[in-house]
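Structural features, examined
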Number of protein chains: 6
Amino acid sequence: MRIDGRTETEMRPVKIETDFLTHPEGSVLISIGKTKVICTASIEERVPPFMRGSGKGWVTAEYAMIPRATGQRNMRESTKGKVTGRTMEIQRLIGRALRAVVDLDVIGERTIWVDCDVIQADGGTRTAAITGAFVAMTLALHNLAIEKDLSDYPITDFLAATSVGIVKEHGVVVDLNYEEDSAAEVDMNVVMTGSGQFVEVQGTGEEATFSMNELQQLLEAAQSGLKNLFEIQSDVLGVAADLINERKAEL
Amino acid sequence: MRIDGRTETEMRPVKIETDFLTHPEGSVLISIGKTKVICTASIEERVPPFMRGSGKGWVTAEYAMIPRATGQRNMRESTKGKVTGRTMEIQRLIGRALRAVVDLDVIGERTIWVDCDVIQADGGTRTAAITGAFVAMTLALHNLAIEKDLSDYPITDFLAATSVGIVKEHGVVVDLNYEEDSAAEVDMNVVMTGSGQFVEVQGTGEEATFSMNELQQLLEAAQSGLKNLFEIQSDVLGVAADLINERKAEL
Amino acid sequence: MRIDGRTETEMRPVKIETDFLTHPEGSVLISIGKTKVICTASIEERVPPFMRGSGKGWVTAEYAMIPRATGQRNMRESTKGKVTGRTMEIQRLIGRALRAVVDLDVIGERTIWVDCDVIQADGGTRTAAITGAFVAMTLALHNLAIEKDLSDYPITDFLAATSVGIVKEHGVVVDLNYEEDSAAEVDMNVVMTGSGQFVEVQGTGEEATFSMNELQQLLEAAQSGLKNLFEIQSDVLGVAADLINERKAEL
Amino acid sequence: MRIDGRTETEMRPVKIETDFLTHPEGSVLISIGKTKVICTASIEERVPPFMRGSGKGWVTAEYAMIPRATGQRNMRESTKGKVTGRTMEIQRLIGRALRAVVDLDVIGERTIWVDCDVIQADGGTRTAAITGAFVAMTLALHNLAIEKDLSDYPITDFLAATSVGIVKEHGVVVDLNYEEDSAAEVDMNVVMTGSGQFVEVQGTGEEATFSMNELQQLLEAAQSGLKNLFEIQSDVLGVAADLINERKAEL
Amino acid sequence: MRIDGRTETEMRPVKIETDFLTHPEGSVLISIGKTKVICTASIEERVPPFMRGSGKGWVTAEYAMIPRATGQRNMRESTKGKVTGRTMEIQRLIGRALRAVVDLDVIGERTIWVDCDVIQADGGTRTAAITGAFVAMTLALHNLAIEKDLSDYPITDFLAATSVGIVKEHGVVVDLNYEEDSAAEVDMNVVMTGSGQFVEVQGTGEEATFSMNELQQLLEAAQSGLKNLFEIQSDVLGVAADLINERKAEL
Amino acid sequence: MRIDGRTETEMRPVKIETDFLTHPEGSVLISIGKTKVICTASIEERVPPFMRGSGKGWVTAEYAMIPRATGQRNMRESTKGKVTGRTMEIQRLIGRALRAVVDLDVIGERTIWVDCDVIQADGGTRTAAITGAFVAMTLALHNLAIEKDLSDYPITDFLAATSVGIVKEHGVVVDLNYEEDSAAEVDMNVVMTGSGQFVEVQGTGEEATFSMNELQQLLEAAQSGLKNLFEIQSDVLGVAADLINERKAEL
């Protein structure tokens, strides 16, 4: 059994609280174990300069942690005056992942700003952010689709992410907490659609390497964990979930 | 009656949820009406360079909003690469206010980092931040006092803050929400101790001015609102509240 | 008697030299004791983006010190690459204060840039800056009113500021020099109009607090000091002073 | 046949010119097709603060492009005043990858600074950078091993990287040039050791997704391309290549 | 004889490799002894804001070193987040010098971006940059003149630069390498046209001074060295050199 | 006659007011025509890291303008968040020039910070800054020499600077005002010692060039203007001037 009593393929308890905040077009508080992320989606009625005139929309994401989300206080990036490489890498990943399941032609020249603010971190913050951000974005786009009577449903599939890794004494494990993540020899983040297609696969040996066979096992473990997340997303999204499934069936 | 059905001297509902996060030495989620601020207190075992060797501690505060705390999304200060004047002004105020009720000699060469992260804004974020930060800081210092067996109780009085203002058709009102705040002719923030002493009084005419008489009325309105806040702080602090009162009595 | 031989309610010698520089539309060198500030007002024929199309003007201020204005050399903010919190707080205060006595509708879509550059500091630099900046701004707007034949006189009242404080052994004192300011228990800046209305009241206990009664005394001391400043402003402004009084009488 | 006349599994011509510069401890100019990267390795006799006292060394990388490495001139990051997210992501990847084949205990408290400066870009700059940087770093560490008589050979395996992708009309292709990269539906970077173990696998659907089966094919294509690179590295490294193989055999 | 076996008036071997890169409109690799600079010229079809509507073009230059161009690694300016004073001084000099021989009216509202990236430094990088940049710029403007059928040839004269100095035991020397430069008492950079007119003369005593007579000798030494550079430029420019000479003759 | 009624070789009226400010170790207000610069010298009891342990001192300079020193308001460099290239070039020049007449061994491990703040600009600000800074620095070092009983007088010669230029219709002129400077074809700054040795000669053709003969004339004109400045410096320095002359005689 793992540190926190889970089996190798067992995920931590997941909870997605929708409409967590009043102002944003879509918002959730996602908790995966002790990791807690506020995800909001805001709709802006214009696109960045490089997309103007294209008739297409854009999805972009930002990620941050409050200073005491972690065991030790981290200096704010605003105080440092710059965003770290880690943050940039994560926010680029979240934006790219979300764009894979949005029909940018359907939303028209609008930008969906997705903000993921980690208020408590215990490993897997970027994958929790993607999983929660998908729900926040869907809530915002669902209303947009109705209000603006969009030509088609703008979300084409479900999207979730999880981490998998290789940890001494346990081998392949799913949904690593902070302690496991720090000790992992191989660390992999997998972003997948509800149809089981990969969107991102990022596997890294931490001063270690992995074989083709291990890669295979990691991906299979991720797939089983992700199934769980798709069910929870589907539950909280209600009618929006049905419309996603309809749109997916058409494609 | 005011926009949200309150009388002129009525505060919005206040809720202080303690130990809201796992990692910080002290943490609360304070809600005043729709305004919600996460306040954390972190203890660092050293002081800034200008205080080294003094034998005294330091309290410093940082303040931020998540981008969608407000009706319109705000650009992150980390993305801008700098902290705005408004933020700096607020965090200097919070730090200064808290230092008024901490015995810096008793805590020794330690820094208390107080972080106030607004997750939902509806007016009065800086005063809610001070009121909540006081509780978070007390939770952290209470444990420090026990663990390190400090020579005295480090908190010397209660501390809370509220806004008051002059609004057309209503005159002097207490605890302004965002809509009232935007329309106010005079806006004042009052930080007070549990003993009724002022720590900060910042009154500003917004393209308007105020008389000595109006100033008097504003301060009296603030005092009545603050009483309410001290009671709530006292309730959630339990035994720590008693120890503050004891220390206060000794001084 | 105080350190420099003054009584508690006595201000330091004040001198306002107008048209100190050749290029600006309005400029003064104000000296209050050893504190010396160059204040200039520049008129720009446009407003910041958030005010375009409003038909109204804007007044904004910047504040700086030369590195050796003080006993110890300070690093330039341009070298640091950022403006400190203290500077931002002061320049926001100056701008806000000046806007209280300018009829922004009358000046039309123009920005008045007020620059306060401290060349020698001995306490009270922000209040000297406001007092001097009012004169520089009036000089600039007086000429604008004539040249552009504005519909009304754009200055609606006099404006000055002073500091007051509570200092051990002296109690309430007015116009604190650096040495007194460093030792003060309570420090208050008061910005007032010629009609005796408050524009800003910022009182701060420095690791101390103050009672309602003390607040009262501080404000009264400030009022007496400010009277002195209004007289000096009136003297140096000549005909402009008359026009301000006329406009004030109309309102 | 592909745009430039290659088959799907054919790499572009690769050339690694060693000791390209005079000053660095190790340096190469690597050309892969038209992509040209100067890679240098510098040895500093200390480690970053977080590693001091550990007895272990560190490898860190920086990546940049000269402004006209590309078809359109890019603004310098020094002129912008900040490093972009793309650059940070790449330099983190290069550093992490190189650390997988260096025995950090053997090199002791030293930092190896690896600089990859792209002087001409035609797709695959990050993988060319890793492949070239490995050689530059080995040249530097080979000499260090001799001069300082290190306890063991500090390089434990070969390391190279290539890109693979899924391109319309061609399916899976290896070593994409800029034109192919821009049109690819799936883009994957694979970093591998000489022993065939993965160090990094980063696969991304660009507004598209990929199946487990496609992932398999991509990885196999990458493996065949990488074989080619290991041979070239081995050729240019001469005796150092033998020592790497010896060390690898021991592990 | 000097350190590297040269006489006092002898320049180091000079080599200018044209069309060194594929993408830029003009590019060279210039080597002067061990100093190597990649110079590129890029044409942008617009001018900076302060020149819009003037009908004239602009030439601007940027200068950088890769971190290991020197004996000790230098931190990247992008990592520091700002450009040093030395770099700014050099890039202002290069731009100003090049503008002296370009007919800005003839090129019309276009900006010529000249980038000088030092890949190996051994003294005289700024003068090598000017000498190489002139060739890169001429290559770009030569093609522009043909493609756009400009009204006149846009280059009005040759332009090159060299360093001269006063070094102990040798007196006046030309084209100082790094070691000589570090020890020089007087250091002078001279930028001259092919007609022998000065464009820039920058002489500096390094904790030393120089007389009118020494200045005279320095300038004469520079002139003889520059003759050499004009011949090499003329050789590599071929037909463009003839057109410059024609245009020069007309003026 | 020139715009302002001067002959070609006539300088504008020069005034150097010593001990202009209270706090700095040395300070002057220098006026050259309408150009006015506050120069201060501050002594710090340590040197920058690169000089520690050398037993030698350092002189460094900073230069700035207040926003309304000029006809149009300039944005503050602190607001921009960076120092412009022009400022950096000027402050490097001032520091380098001053170091030529200071015996860095005599002052020991101290830094002399020289600040030149232009409060009114009408051409020649950098040369006025050097001329004034020399006096401010001498005042500071004169007192240091006495207080610390330095082994020798630390100033080895006088130092001043002026501009010369070639202007249409007038040819070579000395001490250009802003209007002349804007129209000059050739612009030269000359820094010289009291003994007539050059410290810096920086001549620039502004979209123009100059011959050896013109260079000669410019330098001669500068020399005559500088004589004037040395006399004024000598007058205001009194006994310090005698000590400089004594030290100069010894060398």
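Worth saying up front: this structure is predicted, and the values here are computed from it rather than measured. (Residues numbered from 1 in each chain as written. Chains lettered and ligands numbered in written order. Predicted model: local features only at pLDDT ≥ 70, side-chain atom pairs only at ≥ 80, totals over all residues. Heavy atoms only, no water.)

Quick look at the overall build of chain A
Note the cut-off: Helix and strand assignments follow DSSP, with helices taken as H or I runs no shorter than four residues and strands as E runs no shorter than two, numbered in order from the N terminus. Burial status follows relative accessibility: with a 1.4 Å probe on protein chains alone, a residue under 20% of its type maximum counts as buried, one over 50% as exposed, and anything between as partly exposed. Throughout, a residue-residue contact means that at least one pair of heavy atoms, one from each residue, lies within 4.5 Å. Note on areas: Shrake-Rupley, 1.4 Å probe, and residue coverage restricted to the protein chains presented here. Note on charges: Lys and Arg go in the positive column, Asp and Glu in the negative column, and His and the chain ends are not counted at all. To locate a charge, the coordinates of NZ of Lys, CZ of Arg, CG of Asp or CD of Glu are taken.
Counting its secondary structure elements, chain A contains seven helices and nine strands. Considered along the principal axes of its C-alpha atoms, chain A spans approximately 55 × 45 × 30 Å. With 251 residues in all, chain A has 62% of them scored as buried. For chain A, restricting intrachain contacts to residue pairs at least 6 apart in sequence, the fraction spanning at least 24 positions comes to 71%. Carbon and sulfur atoms form 47% of the exposed surface of chain A, whose accessible area is close to 9300 Å². Taking the average location of the 25 positive side-chain charges in chain A and that of its 38 negative ones, the two points are 6 Å from each other.

Looking at the confidence of the model for chain A
Rules: Known as pLDDT, the predictor's per-residue confidence is scaled from 0 to 100.
Predicted confidence across chain A gives a mean pLDDT of 96, with 100% of residues reaching 70 or more. Scored by ipTM, the complex comes to 0.95, with pTM at 0.92.

Structural notes on the UniProt feature "domain: Exoribonuclease phosphorolytic" (unreviewed entry) in chain A
Our working definition: UniProt positions are given in the numbering used here, feature names are shortened, and annotations may be inferred rather than shown by experiment.
In the UniProt entry, the feature "domain: Exoribonuclease phosphorolytic" (unreviewed entry) is given for residues 10-140 and 158-224 of chain A. Between the C-alpha atoms that bound residues 158-224 of chain A the distance is 15 Å, and the span itself is 28% helix and 43% strand.

Comments concerning helix 2 (residues 85-99) of chain D
In an α-helix, one full turn covers 3.6 residues, which means residues spaced three or four apart are oriented alike. Here is the rule we go by: In a helix, the anticipated span is given by 1.5 Å times the number of residues less one.
Its 15 residues give helix 2 of chain D an end-to-end C-alpha distance of 21 Å, which sits within 8% of 21 Å, the value for a rise of 1.5 Å per residue. Burial runs high along helix 2 of chain D: 13 of the 15 residues are buried.

A short note on the pairing of strand 8 (residues 186-193) of chain E
All names here are of chain E. The line we're drawing: Strands pair, by our definition, only if DSSP identifies at least two bridges between them.
Among the eight residues in strand 8, eight count as buried, and that is most of the element. Residues Val186, Met188, Val190 and Met192 line one face of strand 8 and the alternating positions Asp187, Asn189, Val191 and Thr193 line the opposite face, and both faces are buried. Strand direction decides the pairing type here: strand 6 (residues 159-167) and strand 8, joined by eight bridges, are antiparallel. Bridge pairing links Ala161 to Val191 in strand 8.

Focus: the interface of chain C and chain B
Quick note on the threshold: Joining two parts hides part of their accessible area as seen by a 1.4 Å probe, and the buried area is that hidden amount summed over both. Throughout this description, the term salt bridge denotes a Lys or Arg side-chain nitrogen within 4 Å of a carboxyl oxygen of Asp or Glu. Classification convention: Asp, Glu, Lys, Arg as charged; Ala, Val, Leu, Ile, Met, Phe, Trp, Tyr, Cys, Pro as nonpolar; all other residues, Gly among them, as polar.
Residue-level contacts link 33 residues of chain C with 34 residues of chain B. Buried surface at the junction of chain C and chain B, both sides included, amounts to about 2900 Å², of which 53% is carbon and sulfur. By the criterion of area lost to chain B, the three top residues of chain C are C:Glu89, C:Phe198 and C:Met212, representing 20% of everything that side buries. Of the charged contacts, one joins C:Arg96 and B:Glu89 as a salt bridge, the two residues approaching to 4.0 Å between their closest N and O atoms. Taken together, the elements giving at least two residues each to the side of chain C that touches chain B come down to helix 2 (85-99), strand 9 (198-205) and helix 6 (212-237) of chain C. The dominant element in the side of chain C that touches chain B, judged by the number of residues it contributes, is strand 9 of chain C, at eight residues. For the side of chain C that touches chain B, a count of residues per class yields 13 nonpolar, twelve polar and eight charged. Sheet analysis places strand 9 (residues 198-205) of chain B next to strand 9 of chain C, joined by five bridges and oriented antiparallel.

Some thoughts on the sheet that holds strand 4 (residues 58-65) of chain F
All names here are of chain F. The following threshold applies: Lines fitted to the C-alpha atoms define the axes, with helices restricted to the stretch that makes contact. Angles between their N-to-C directions range from 0 to 180 degrees.
Across the sheet, five strands lie side by side as 1-2-3-5-4; this open sheet has mixed pairing. Across the chains shown, the open sheet's two edge strands, defined by having one partner strand only, are strand 1 (14-18) and strand 4. Taken over all neighbouring pairs, the strand axes of this sheet differ in orientation by 20° on average, direction set aside. Its contacts with the sheet place helix 2 (residues 85-99) against strand 4 and strand 5 (111-120), and it is angled at close to 145° to strand 4. Across the sheet, helix 4 (residues 125-147) is in contact with strand 1, strand 2 (26-32), strand 3 (35-44), strand 4 and strand 5; its angle to strand 3 comes to roughly 35°.

Some words on the sheet that holds strand 4 (residues 58-65) of chain C
Residue and element names in this part refer to chain C. Reading across the sheet, the five strands line up as 1-2-3-5-4 and stay open at both edges, with mixed pairing between neighbours. The outermost strands of the open sheet, each flanked by one partner alone, are strand 1 (14-18) and strand 4. Within the sheet, the average angular offset between the axes of one strand and its neighbour, ignoring direction, is 20°. When strand 1 meets strand 2 (residues 26-32), the two strands line up antiparallel, connected through five bridges. Across the sheet, the residue bridging to Val14 is Ile32, located in strand 2. Across the face of the sheet, helix 2 comes into contact with strand 4 and strand 5 (111-120) while running at roughly 145° to strand 4.

What to know about the packing of aromatic side chains
All names here are of chain C. Worth spelling out the cut-off: Two rings belonging to Phe, Tyr or Trp (six-membered ring only in the last case) form a pair when the distance between their centres is within 6.5 Å. Interplanar angles under 30 degrees mark stacking, angles over 60 mark edge-to-face geometry, and anything in between is tilted.
Inspection of every chain in the model, using the stated rule, returns 18 aromatic pairs over all chains. Their ring planes at 45° and their centres at 5.8 Å tell us that Phe134 and Phe158 sit as a pair that is tilted. Placement of the pair is Phe134 in helix 4 (residues 125-147) and Phe158 in the loop between helix 4 and strand 6 (159-167), with a sequence separation of 24 residues. For Phe134, a relative accessible area of 0% puts it in the buried group. For Phe158, a relative accessible area of 4% translates into the label buried.

With respect to the state of the cysteines
Worth spelling out the cut-off: To count as a disulfide, a pair of cysteine sulfur atoms needs to be within 2.5 Å.
A full pass over the atoms with the stated rule returns zero disulfides over all chains. The structure places no disulfide on D:Cys39, whose sulfur is separated from the nearest cysteine sulfur, that of D:Cys116, by 4.2 Å.

Focus on the relation of the copies chain C and chain B
What counts is decided by this rule: Alignment of copies: least-squares fit on C-alpha atoms of residues with pLDDT of at least 70 in both copies.
Rotating chain C by 180° about the axis while translating it 0.0 Å along that axis superimposes it on chain B, leaving an RMSD of 0.0 Å. Both copies of the chain, as the preceding transformation shows, are related through a two-fold rotation axis. Every residue of chain C has its C-alpha some distance from the rotation axis, and the shortest such distance is that of C:Gln202, at 2.2 Å.

Quick notes on the side chain of F:Ser211
Here F:Ser211 is to be found in the loop between strand 9 (198-205) and helix 6 (212-237). In this structure, F:Ser211 is in contact with E:Gln197 and E:Phe198, ignoring residues within four places of it in sequence.

Focus on the arrangement of the chains
Of all C-alpha pairs spanning chain C and chain D, none lies closer than 11 Å, and the two are not in contact. In this structure chain B stays clear of chain E, and the shortest span between their C-alpha atoms is 11 Å.

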